[in-house]
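# Summary of the model geometry
Each chain is listed here by its residues.
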Amino acid sequence: EEGLGSFCRGALAEAVRPSLASHQAHLRETSRRMALAPGAAPGNGKFAQPVARGVAAFGGLEDFHTGLAGAIGLPNHRLMEGMESEHCRRPDSDAPFTPGNYAASAGTTSRAEWAIATDEGEGGRHSVPPRRVRSVLELMRDTEVVRAGLTREEVVALVLYTGPMYAVYNAVLRGFPAGVLERLGGNTYTTTIHCIVSGIIKLSRVSR
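All of the points below concern the structure found in this document. Just so it is clear, the structure is predicted and the values come from calculations on it, not from any experiment. (Residues numbered from 1 in each chain as written. Predicted model: local features only at pLDDT ≥ 70, side-chain atom pairs only at ≥ 80, totals over all residues. Heavy atoms only, no water.)

When its volume is computed, the second largest pocket comes out at roughly 720 Å³. The set of elements that each furnish at least two residues to the lining of the second largest pocket consists of α5 (110–118), α6 (120–126), α8 (143–148), α9 (152–161) and α12 (190–206). The element best represented in the lining of the second largest pocket is α9, accounting for four residues. In terms of residue class, the lining of the second largest pocket is made up of 19 nonpolar, six polar and eight charged. (1 Å grid on protein atoms, 1.4 Å probe; cavity = no way out; pocket = protein on both sides within 12 Å on 5 of 7 lines; lining within 4 Å. Points joined across faces, edges and corners; volume = space filled by probe spheres on them. Helix = DSSP H or I, 4+ residues; strand = E, 2+ residues; numbered from the N terminus. Nonpolar A, V, L, I, M, F, W, Y, C, P; charged D, E, K, R; others polar.)

Applying the stated criterion to the full structure yields two aromatic pairs. Here the aromatic rings of Tyr169 and Tyr189 are separated by 5.6 Å at their centres, their planes lie at 65°, and the arrangement is edge-to-face. Linking Tyr169 in helix α10 (residues 166–174) with Tyr189 in the loop between α11 (178–184) and α12, this pair joins segments that are 20 residues apart in sequence. The class for Tyr169 is buried, based on a relative accessible area of 1%. (Phe/Tyr/Trp six-rings, centres within 6.5 Å; stacked < 30°, edge-to-face > 60°. Buried < 20%, exposed > 50% of the residue type's maximum accessible area, 1.4 Å probe, protein only.)

Here the focus is the pattern of salt bridges. The final tally for this structure, using the stated rule, is nine salt bridges. The partner of Arg131 in a salt bridge is Glu113, with the nearest N and O atoms 2.7 Å apart. In this pair, Arg131 sits in the loop between α6 and α7 (136–140) while Glu113 sits in helix α5, placing the two residues 18 residues apart along the sequence. Given the relative accessible area of 3%, Glu113 is considered buried. For the salt bridge of Glu154 with Lys202, the shortest nitrogen-to-oxygen distance reads 3.1 Å. You can see Glu154 sitting in helix α9 and its partner Lys202 sitting in helix α12, a full 48 residues away along the chain. Its relative accessible area of 5% is what places Glu154 among the buried residues. It is possible to trace a salt-bridge network through shared partners that takes in Arg132, Arg134, Glu138 and Asp142. (Salt bridge = Lys/Arg side-chain N within 4 Å of Asp/Glu carboxyl O.)

Okay, structure coming up:
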């Protein structure tokens, strides 16, 4: 409520404050019910986490103003080198994991997913239905990618995000599940997440 009060300044803002407060209360109540309900939270399986693993917390106005850098820090200015290091030279690089919407037999690692995203041969070998892995070279020629002006680093980051690594990046941004964060050993995939966000913003500007 305190953050909402800081946001609602001026006559117009004060006029919409009751509506915003109502929506805020509704979201909190929905979150509370989800936390108490058995099983997984509803919604797209790629973005939902089983409730038993943790409950997301609402950020405050300060979080909004500090943005992504305030949450996970600044990226390595050598983007590709930074992303490669995050996936291949960190404590969790070879720690196996399996996202909730993948078969139990489809366990993978950050190092393996980096190879799949950046090596055309590895990507082709793992491009087995229902998973489809398009090479970075192919994607760089895609009409939407060209129109958006995506860099190679952004394309690599987005390829990673469309695979099992999404579960890791989402956990970093949400701050849960605790088990996933513990496995990461402090690795926040800062450069990769910055490239993902940058790529999504560029694509949103040309999407119809």
